[in-house]
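Working through the structure, step by step
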Amino acid sequence: MQYVKIPKERVGVLIGGEGKTLKEIEERTKTKITVEETSVSIEGDPVDEWITKDILKAVGRGFTPEKSLMLTQEDMTFEVLNLADIVGESDKSIARIKGRIIGSQGKSREKIENLTDCYVSVYGKTVCIIGTLDATPVAREAILMLASGSPHSNVYRFLERSKRHRKTM
């Protein structure tokens, strides 16, 4: 059995209207999910539990259930970057880095998503990525570059080179 904590404000998204979202996740992952306040337990085959745990974490970190369910595909992965580990615990530093990653009107996050074919969610003190096994490290590197102060133009050039390189592979 696996356990996961979900932020209180995301529990309703996880359950969905009349429990439809939760039922869909259970059907797609062949698991039994029990929600008690913000604590969620998962029962099933160990591999299915592990996949379901990532799906639930993704919903909890701001992804829609539809995007989170992409993790049932064999080549998809989920990664969580804790901004406090990267820039320290200062709320001011974390807010600054979140702003750099999101960009003006969400343009930086959107550019990362478009050039990597990944999905990025900035939630709380974390940045999460859902993408393929080969694209997720590229998105992570772009986010780390922004967090370390690299100019946006350099990050975008890196992403464009990486996209061209992945297409030729």
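Residues numbered from 1 in each chain as written. Predicted model: local features only at pLDDT ≥ 70, side-chain atom pairs only at ≥ 80, totals over all residues. Heavy atoms only, no water.

1. Some points on the side chain of Ser 68
With respect to the helices, strands and loops of the structure, Ser 68 is situated in helix α4 (residues 65-68). Residue Ser 68 is classed as buried on the basis of its relative accessible area of 0%. When sequence neighbours within four positions are dropped, the list of residues in contact with Ser 68 reads Ile 55, Ala 58, Val 59, Phe 63 and Ile 130. (Helix = DSSP H or I, 4+ residues; strand = E, 2+ residues; numbered from the N terminus. Buried < 20%, exposed > 50% of the residue type's maximum accessible area, 1.4 Å probe, protein only. Contact = heavy atoms within 4.5 Å.)

2. A few points about the pattern of salt bridges
Under the definition given, this model contains five salt bridges. As a salt-bridge pair, Glu 24 and Arg 28 come within 3.4 Å of each other at their nearest N and O atoms. On the criterion of helical spacing, the pair formed by Glu 24 and Arg 28 is a turn pair, its members being four residues apart in helix α2 (residues 20-29). The salt bridge partner of Glu 26 is Lys 32, with a shortest N-O separation of 3.9 Å. Take Lys 32: its relative accessible area is 47%, and that puts it in the partly exposed class. (Salt bridge = Lys/Arg side-chain N within 4 Å of Asp/Glu carboxyl O.)

3. Structural notes on the packing of helix α8 (residues 136-147) against helix α9 (residues 152-168)
Running from N to C, α8 and α9 cross one another at 170°; their axes reach a closest spacing of 10 Å. For the element pair α8 / α9, the angle class is roughly antiparallel. Seen along the crossing, α8 lies across α9 with a hand that is right-handed. Touching Val 138, Glu 141, Ala 142, Met 145 and Leu 146 of α8 are His 152, Asn 154, Val 155, Phe 158, Leu 159, Ser 162 and Arg 166, all from α9. Considered class by class, the residues forming the contact of α8 with α9 number seven nonpolar, three polar and two charged. (Axes fitted to C-alpha atoms, helices over the stretch in contact; angles between N-to-C directions. Parallel < 35°, antiparallel > 145°, perpendicular 65-115°, else oblique. Left-handed = near helix turned anticlockwise from the far one by under 90°. Nonpolar A, V, L, I, M, F, W, Y, C, P; charged D, E, K, R; others polar.)

4. Structural notes on the sheet that holds strand β6 (residues 126-132)
Paired through their backbone hydrogen bonds, the strands of a sheet run either parallel or antiparallel. Spatially, the three strands line up as an open sheet ordered β4-β6-β5, and their pairing is antiparallel. Only two strands of the sheet have a single neighbouring strand rather than two, namely β4 (76-82) and β5 (119-123). Strand after strand, the sheet turns through a mean of 15° between neighbouring axes, direction not considered. Here β4 runs beside β6; their pairing, made up of seven bridges, is antiparallel. Paired with Phe 78 across the bridge in β6 is Ile 130. (Pairing = 2+ DSSP bridges.)

Functional significance is not addressed by these values, which are geometric in nature.
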